[in-house]
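This is what each chain is made of:
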Amino acid sequence: CRQGSAVVSRLAPPQQVRLDADKETQTLSVTWEDGHASTFDVEILRTELMEMVLNETVGVTEDQSTGKHQWNWTSPVPLECTSLSVKVRSRDGQDVSEWSSQQILPGLDLPDNTDSQMYPEGKTVPVGSNMTFCCIVEEGQQFGSLWYKDTLVKENMLSRRTYATTMTNQGPSNPSGTNVVCSNEKKMIIAGAVVFVGYPPLPSDLVCETHDLISVDCQWSKGRDTYLFGMTRQTYYTLNGRNCPKARNSNMRCGLEQWDGNWTLVARNLLGEFRLTDAAELGHRVRPVAPVNLTTPEVYSWNASVGWLWKDKVKSLNGCLSGHQTYTGYGLNTVVLKDLQPDEKYSVKVRCGSQKNFWKWGEWSLPLSFQTKMDRPVAPDIWLWMDSDNLGRVLWKPLTKSESHGQISGYEVILWSPEENSQQTLTLPRSVYSLPINVTDRGSKVTVTARNPAGVSLPANIVIPRYLPDAEDTAISKVAFNGSGFPLSWVAHANASCGYVVDWYNTSCTQDCNVEWIKVAADNTNTMVQSGNFLAGVRYKFSLYACSSESTVLLERWHGYMQELVPSRTVPRLSPNQEGADVQLTWDQIPLEHQRGFILGYTVYLTNASHLTLLANITDPQLTNHTVRNLVLGSYKFTVKAYTAAGEDGGATVSISLEPYTYWLIMEILVALGTMTCLLIVITIAFTGFSFSIFTILWKTMPGTGLICVCFQGTLDVKPSPHSMVHIVEDSVWDSSKEALVTVPEEDEEGTGDEAADTDEPASLRYYNQVVEEGSSSQRRPHASDSSASSTGSMDSGHTDVTYTGIQTSACYRPQMQSASCPEEPQTGPEEHLQPPVGSFGGYQPQCSWKQDSPEADGDGLDQTCLGSPTSVTSSQFLLPYDTSEEGKEYPSSASTWFHNLLTGKP
Amino acid sequence: MNAPSYWNCISGTHDVILLPERKKETFAEELTSGGDRLVTVPPLSSQLSPNDMLWRLYSALQQCRNLLEHAIGREEGVGNDRNRTEYESQKKTVRDRLGHLLESTRLLLADGAGTAAFTPDPNNTEIDGPVNGSPFALKLWIYRIFNELEHWTLAASKTLKALHPDGAAPKERRTRGRARGRRTRR
């Protein structure tokens, strides 16, 4: 604040100071007279609180016409907010005049203006503006707070009733503006103002064109959003000075009735205006209107003509587009549409552009629909499929819509017989695509034609081959699906004059198979077989034929899967076969339809609960057996799985218990003995009187047991009995390393015979462990000269060795009168036995080798009289009682005792 | 307090509920609007007979509808939303539902629309809205109209439900026998 000099100034103070306020712009205009200076000090105070608002030295020249000085000041605070006091003095360097009289610009917070008010109200300002808002509290009320949007802002007190806040860098408003609210101490709204913060318009891309060669249509982009809405704040446009009332929202276009060549677009809102210009010649901006009245004066099978009309001057234009074909011509109004398909519905629409100085395509016309006429169909694609030498089927593919050229009404098949010079014609409905034929006339020809209302197709011919090659003689190789099809390639064949044919079908199919085929041109030696009918897990067989005018020749065959899957079933007929300490597993191959992939081999597992131990991986898919060797006594489960490239099947499981079983064998022996006993009784009774001598002879012939000849009816299926099971155990007396039989309670034997193949049930015990090696058969165990030794030994049936690896049910069982000698130290089994024998119990003695006891027996033809006997498969040894303790006892007593003991169950 | 938000209504037959969206207007929640009531109807009370209660409701709703039409006529002053189509649809929905509520109330009246309804105080200058062109005053006025509309539609909804617990809208006027003009203005 500059203070005046104490020295009397020669400058006169300004006179007639006057204040004029433009409250809208918040501008205060100060005018004065008699300044006689060009520099003045201006001081502005808020009247009520005497706060300095401005104290500034300004240069103001005198207006020569009025003799007044005028200075304008824009107040940051609305002029309504509070009263301002203004005074002016002249300055000339350091010399200043006295202050003028103070002039007051009254605010609206004077006591006589009692209402609450807020300023500025309804103002529109650019984004980023700083603004000061003031609230004049109603007389008698107490100011509370100021809010900008929903934010409480800090206020300044300008006067007793006026409070102000300044907002800087304001952001864009919402459509109804930004609210500034003043409340009293009770948080009741007492005044408020709305400020609209936005942008001036900024359009772009003004482009003008003509559609009718007369008027102009201009378009532009709206550009940046102004955030200003409503009648007073929205953007208004003018084009060459004419209003564009329809240019609103996103529809930024404006038209003029005449082509001017130069256009100026002015966009204007409360914050400013923006100008865009464009200029062009008429001929360079032609975008024709859409043609009208489309017609099709001529429609044929393969082409049609389309015509249209133009509005006004547009008909003189060149170039039009129809559909996706472009036609050019001066005043073009008709075109011929070519390459159409017969009996096809089309929709055509037309748009036009200027060929010279092309600008843009015009609008599309309304579409016009028409349908082409029908034409005769194309020849069917036919093939001859021979089911057998004399039975075949003529096949043809259904014609597609593009091939039928109209609704197919039926097919005609002609069988030509050149030798008989005759023909047979068959008419078939349109739903039939094959015809079985009995081919007896080799070299005859088959002709197929299709018919529709427009006519008959060209004939499709095929010659029945004179010689049908044996398909099985042709090698077949694998072909892999490559994702899109089966790629086939072959060596060119000299006789393929009319190309090649590849047909294929489901290999598992046996009757009325769905045969598909493709024809390959003669100069191609490869093709990709594709079909929507290919299924995963199905084997397809592909046959390549060379086609000539005379016949077709099978050249090559392939088979393959679109996708290999794991087999859908397990190997059938899985069965175990005990061979001593080994078990041979055999199975059948999985039927083709269940393979679902090329069987690559088999895996054999030892199953222990849910755990599988791989025993073997058989990579030869033709090998369907496997021998598991060196097993110790016990129960085993084996699982065999076939596998393809996709993996293994679920696995077939079979069980086997390596425990010999004697119950049924014993029973059979007992039955045999009983039968013979009965027979002897009968004979005795019958011949008591007059045939005693014969009996005597017989008795002498078969001392001891007499004739024991047993016939085993049917299969001797030596199963574990429900109550006992025979175990092969070591005979500690005879040989600790040997195995003997012992009767034990059976656990479970529901599964029998064939059933065991696919189940986990224990398999039937059909085989005895082979304890005595073949070599031992040559060594006879020391025994008595008659069969009593056996009989005696049999009394202790608990010590009977077993020498069987199998029992031939059809063989004779013939008790040996004289035991064959067995080695004292028979060869042991495989060295890698997993478990020691269970124990030393009585059992059966192995018959080490068969020996005829007496010439009489042999001479009497006992072999012939014997009906059968369980016989070792490998050694043909018989089960005989084994006497481990006593030798040389009388045979009859021994035999009877042993037999009695068996019946009574004594050991 | 945004103009388009006034028409965000959800309504059943008798459940006109207007949803103010003050947040759209970024208007502090804790502030309240002052001013006198724009709808001048004697207060409802449980002492009133059902017909008297309906009559007051009907009068209030009629005043609401008049105010609404006034507000619609002046809404340009506070700017338009950009989605004009949706805005117009909402506006139409409010008008239709208010009209339906009025008609439902009228059908329940013993003497129908025969008796003159309560009219606003002719000295109430706020009925026609602010005259100074202040956008904020216009907003506040429309907001007050909205409050009246919300208040009276809810009151009508509750009353009609109380009178018809089954919620069924009356199909026709039940009684037509009472002479017109018999009911005097209170």
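Keep in mind that this is a model prediction, so the values were computed, not measured.

Caption draft 1: How the structure looks around the overall build of chain A. Across its full length, chain A holds eight helices and 60 strands. Going through the 907 residues of chain A one by one, you find that 49% of them count as buried. Sequence-distant contacts in chain A: of pairs separated by 6 or more residues, those separated by 24 or more amount to 68%. With an accessible surface of roughly 43400 Å², chain A has 50% of that area assigned to carbon and sulfur atoms.

Caption draft 2: Just the overall build of chain B, in detail. Looking only at helices and strands, chain B has three helices and three strands in total. Secondary structure elements in chain B, listed N-terminal to C-terminal, are β-β-β-α-α-α. Counting every position in chain B, which comprises 186 residues, the buried fraction comes to 49%. A separation of at least 24 residues holds for 79% of the contacts in chain B among residues at least 6 apart in sequence.

Caption draft 3: Focus on the sheet that holds strand S50 (residues 582–586) of chain A. Residue and element names in this part refer to chain A. Sheet architecture is open: three strands sit in the order S49-S50-S53, paired in antiparallel fashion. Of all strands in the sheet, those bounded by a partner on one side alone are strand S49 (575–579) and strand S53 (625–628). Across this sheet, the average inter-strand angle for adjacent strands is 20°, counted without regard to direction. Sheet topology note: the S49/S50 ladder contains five bridges and is antiparallel. The residue bridging Pro 576 from the neighbouring strand is Leu 585, located in S50.

Caption draft 4: Spotlight on the pairing of strand S45 (residues 516–520) of chain A. All names here are of chain A. For S45, a buried count of four out of five residues is recorded, marking the element as mostly surrounded by other parts of the structure. Where strand S44 (residues 500–506) and S45 come together, five bridges link them in antiparallel fashion. Note on S45: the bridge partner recorded for Asp 503 is Trp 517.

Caption draft 5: Inspection of the packing of aromatic side chains at higher detail. All names here are of chain A. The final tally for this structure, using the stated rule, is 25 aromatic pairs over all chains. Geometrically, the ring pair formed by Trp 396 and Tyr 411 is tilted, given 5.5 Å between the ring centres and 50° between the ring planes. Of this pair, Trp 396 sits in strand S35 (residues 391–396) while Tyr 411 sits in strand S36 (residues 410–417), and the two are 15 residues apart along the sequence. A single burial state applies to Trp 396 and to Tyr 411, both of which are buried. Here Phe 486 and Phe 534 contribute two aromatic rings whose centre-to-centre distance is 5.0 Å and whose plane-to-plane angle is 80°, an arrangement assigned as edge-to-face. In this pair, Phe 486 sits in strand S43 (residues 486–489) while Phe 534 sits in the loop between strand S46 (526–529) and strand S47 (539–547), placing the two residues 48 residues apart along the sequence. An aromatic cluster of at least three residues, connected via ring pairs, comprises Phe 481, Phe 486, Trp 504, Phe 534, Tyr 540 and Phe 542.

Caption draft 6: Structural detail: the pairing of strand S13 (residues 143–148) of chain A. Residues and elements named next belong to chain A. Burial runs high along S13: five of the six residues are buried. Here five bridges tie S13 to strand S17 (residues 178–184), and the two strands are oriented antiparallel to one another. The residue of S17 that forms the bridge with Phe 143 is Asn 184. Strand direction decides the pairing type here: S13 and strand S14 (residues 151–153), joined by three bridges, are antiparallel. The residue bridging Trp 147 from the neighbouring strand is Leu 152, located in S14. What sits between the antiparallel neighbours S13 and S14 is a turn of two residues, in which Lys 149 has the positive phi angle 55°.

Caption draft 7: Layout of the state of the cysteines. Residue and element names in this part refer to chain A. Under the defined criterion, the tally for this structure stands at six disulfides over all chains. Between the sulfur atoms of Cys 244 and its disulfide partner Cys 254 the distance amounts to 2.1 Å. When the S-S torsion is -85°, as for the bridge of Cys 244 with Cys 254, the disulfide is left-handed. Linking Cys 244 in the loop between strand S22 (242–243) and strand S23 (253–256) with Cys 254 in strand S23, this pair joins segments that are ten residues apart in sequence. For the pair shown, Cys 244 and Cys 254 are each scored as buried.

Caption draft 8: Examining the pattern of salt bridges more closely. All names here are of chain A. Applying the stated criterion to the full structure yields 24 salt bridges over all chains. Of the charged contacts in the structure, one is a salt bridge between Lys 397 and Asp 381, with a shortest N-O distance of 3.5 Å. Taken together, the positions of Lys 397 in the loop between S35 and helix H1 (401–404) and Asp 381 in the loop between strand S33 (368–371) and strand S34 (382–386) put the pair 16 residues apart, joining distant regions of the chain. For Asp 381, a relative accessible area of 24% translates into the label partly exposed.

Caption draft 9: Structural detail: the sheet that holds S23(A). Residues and elements named next belong to chain A. Ordered by their spatial adjacency, three strands build an open sheet running S19-S20-S23, and the pairing between neighbours is antiparallel. Of all the strands in the sheet, just strand S19 (204–209) and S23 have a single pairing partner and so form its edges. Across the sheet, the mean angle from the axis of one strand to that of its neighbour is 20°, orientation sign disregarded. Of the pairings in the sheet, the one linking strand S20 (residues 216–221) to S23 comprises four bridges and is antiparallel in character. Along S23, the bridge assignment pairs Gln 219 with Arg 253.

Caption draft 10: Local environment of the packing of helix H1 (residues 50–74) of chain B against helix H2 (residues 84–108) of chain B. Residue and element names in this part refer to chain B. Put simply, H1 and H2 touch, their axes get as near as 9 Å, and they point 155° apart. As judged from the angle between their axes, H1 and H2 are roughly antiparallel. Seen along the crossing, H1 lies across H2 with a hand that is left-handed. Contacts between H1 and H2 pair Asn 51, Leu 54, Leu 57, Tyr 58, Leu 61, Gln 62, Cys 64, Arg 65, Leu 68, Glu 69 and Ile 72 from the former with Lys 91, Val 94, Arg 95, Leu 98, Gly 99, Leu 101, Leu 102, Thr 105, Arg 106 and Leu 108 from the latter. Here the residues of the contact of H1 with H2 sort into twelve nonpolar, four polar and five charged.

Caption draft 11: Region of interest: the environment of A:Asp387. Residues and elements named next belong to chain A. Position of Asp 387 among the secondary structure elements: in the loop between S34 and S35. Measuring from C-alpha to C-alpha, the distance between Asp 387 and Ile 437 comes to 9.9 Å, with 50 residues separating the pair along the chain. Once residues lying within four places of it in the same chain are set aside, the contact partners of Asp 387 are Gly 392 and Arg 393.

Caption draft 12: Fine view of unusual backbone geometry. All names here are of chain A. A cis amide bond links Tyr 119 with the next residue in sequence, Pro 120, at an omega value of -10°. Relative to the elements of secondary structure, Pro 120 occurs in the loop between strand S10 (117–119) and strand S11 (123–126). One non-glycine residue, Lys 149, lies in the positive phi region at around 55°. With respect to the helices and strands, the residue Lys 149 is situated in the loop between S13 and S14. By relative accessible area, which is 28% here, Lys 149 ends up partly exposed. Of note, Asp 343 is a non-glycine position whose phi angle comes to about 50°, a positive value. With respect to the element layout, Asp 343 can be found in the loop between strand S30 (334–337) and strand S31 (345–348).

Caption draft 13: Here's a closer look at the side chain of A:Gln595. Residue and element names in this part refer to chain A. With respect to the secondary-structure elements, Gln 595 resides in helix H2 (residues 592–595). Residue classification places Gln 595 among the buried residues on the basis of a relative accessible area of 10%. A polar side-chain atom of Gln 595 sits 3.1 Å from a polar atom in the side chain of Arg 539. In terms of polar contacts, Gln 595 uses its side chain to reach the backbone carbonyl oxygen of Ile 590, at 2.8 Å. Excluding residues within four positions of it along the chain, Gln 595 makes contact with Arg 539, Tyr 561, Leu 565, Val 566, Pro 567, Ile 590 and Thr 644.

Caption draft 14: Quick look at the packing of H1(B) against helix H3 (residues 135–163) of chain B. Residue and element names in this part refer to chain B. Between H1 and H3, the least distance of the axes is 9 Å, while the angle of their chain directions is 150°. Between H1 and H3, the angle falls in the class roughly antiparallel. For the pair H1 and H3, the crossing hand works out as left-handed. Class assignment of the residues belonging to the contact of H1 with H3 gives a composition of 20 nonpolar, three polar and two charged.

Caption draft 15: Looking closely at the confidence of the model for chain A. All names here are of chain A. Summarising the model, chain A shows a mean pLDDT of 76, and 71% of its residues fall at 70 or more. At the level of individual helices and strands, chain A shows its lowest average pLDDT in strand S58 (residues 735–744), which scores 36, and its highest in strand S16 (residues 162–167), which scores 97. Contacts of residues 1–5 to residues separated by more than four positions or lying in other chains number eleven contacts, the stretch itself having pLDDT below 50. Predicted confidence for residues 690–907 stays below pLDDT 50, and this span has 506 contacts to residues more than four positions away or in other chains.

What counts as what
Residues numbered from 1 in each chain as written. Chains lettered and ligands numbered in written order. Predicted model: local features only at pLDDT ≥ 70, side-chain atom pairs only at ≥ 80, totals over all residues. Heavy atoms only, no water. Helix = DSSP H or I, 4+ residues; strand = E, 2+ residues; numbered from the N terminus. Buried < 20%, exposed > 50% of the residue type's maximum accessible area, 1.4 Å probe, protein only. Contact = heavy atoms within 4.5 Å. Areas by Shrake-Rupley, 256 points an atom, 1.4 Å probe, with all protein chains shown as cover. Pairing = 2+ DSSP bridges. Axes fitted to C-alpha atoms, helices over the stretch in contact; angles between N-to-C directions. Phe/Tyr/Trp six-rings, centres within 6.5 Å; stacked < 30°, edge-to-face > 60°. Disulfide = S-S within 2.5 Å. Salt bridge = Lys/Arg side-chain N within 4 Å of Asp/Glu carboxyl O. Parallel < 35°, antiparallel > 145°, perpendicular 65-115°, else oblique. Left-handed = near helix turned anticlockwise from the far one by under 90°. Nonpolar A, V, L, I, M, F, W, Y, C, P; charged D, E, K, R; others polar. Polar contact = N/O pair within 3.5 Å; in protein donor to acceptor, adjacent residues only side chain to side chain. pLDDT = per-residue confidence, 0-100.

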